[in-house]
Amino acid sequence: SLQKMSALVTIKNPVGIAESPVKAPETDVTGQRRAAAGGGGQGGEQFIEHTGQRPRGFRAPLYNFSENTLDLLLEEGFAYDASLMGDDIPYILAREKEGSVVELPSHYGLDDFPHYMASRDPAYIMPIKAPSHAMDVFRAEFDAAWEFGGLWVAVWHPFLSGRLARARAIAG
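S.K.: In this structure, what is going on with the packing of aromatic side chains? I would like to understand it.
M.R.: Applying the stated criterion across every chain yields a total of six aromatic pairs. Plain terms: the ring middles of F138 and W156 are 5.3 Å apart, the flat faces sit at 50° to each other, and that makes the pair tilted. Here F138, found in helix α4 (residues 131-148), pairs with W156, found in the loop between α4 and α5 (158-161); they are 18 residues apart in sequence, far enough to count as distant. Of the residues examined, W156 reaches a relative accessible area of 32% and is grouped as partly exposed. Aromatic pair F142 and W152: ring centres 5.3 Å apart, planes at 85°, arrangement edge-to-face.

S.K.: Looking at this structure, how should I read the side chain of D111?
M.R.: Within the secondary structure, D111 is located in the loop between β6 (99-103) and α3 (113-116). Here D111 sits buried without a salt bridge, and the closest side chain of opposite charge, R59, lies 6.5 Å off (N-O distance). In terms of polar contacts, D111 uses its side chain to reach the backbone amide nitrogen of F113, at 2.8 Å. Beyond its immediate stretch of four places on either side in the chain, D111 contacts Y63, F138, V155 and H157.

S.K.: When you look at the sheet that holds β6 in this model, what are you seeing that I'm missing?
M.R.: Remark on secondary structure: sheet strands pair via backbone hydrogen bonds, oriented parallel or antiparallel. If you walk across this open sheet you meet the four strands as β3-β4-β6-β5, and the pairing is mixed. The two strands at the open ends of the sheet, each matched to only one other strand, are β3 (57-58) and β5 (91-95). Relative to strand β4 (residues 80-81), β3 runs parallel, the two sharing two bridges. Looking across to β4, one finds that F58 is bridged to D81.

Definitions and cut-offs
- Residues numbered from 1 in each chain as written.
- Predicted model: local features only at pLDDT ≥ 70, side-chain atom pairs only at ≥ 80, totals over all residues.
- Heavy atoms only, no water.
- Phe/Tyr/Trp six-rings, centres within 6.5 Å; stacked < 30°, edge-to-face > 60°.
- Helix = DSSP H or I, 4+ residues; strand = E, 2+ residues; numbered from the N terminus.
- Buried < 20%, exposed > 50% of the residue type's maximum accessible area, 1.4 Å probe, protein only.
- Lys, Arg positive; Asp, Glu negative; His and termini not counted.
- Salt bridge = Lys/Arg side-chain N within 4 Å of Asp/Glu carboxyl O.
- Polar contact = N/O pair within 3.5 Å; in protein donor to acceptor, adjacent residues only side chain to side chain.
- Contact = heavy atoms within 4.5 Å.
- Pairing = 2+ DSSP bridges.

What follows is the structure in structure tokens.
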């Protein structure tokens, strides 16, 4: 809107070409501040601003833990990661000299995304499941984790599990 025009900043080309006339807002559509150019992001600063504490754990978007992730987590002093699916119990990710973080594994079966997210790619069909079906999977995973002493880390996104029928199924 025109009222937000003053909040726009100029996007600069990183290779030194003249400034672009295209303007980008300082915040995204949800009001979150955008990461600063040049990397580093502002996720940690946003977390501190809202909670008064540094984040202690991390989950990679789409569980995409790269060969660099552990080093970055160690540099930033994180205590745990929740991006991998290597076991049903926590385990240690370590570098000999740099230190370690605890891995709190999850699994796609504990994530609401494959149950509720519709794919817009016709070559990759992901049908939306009924909340009762998703809850059957979540409960079976929970019951097995309870019985065998495993870790159950569900991943429920507000925009997916927060829908009325799905929230009602979670509430029981």
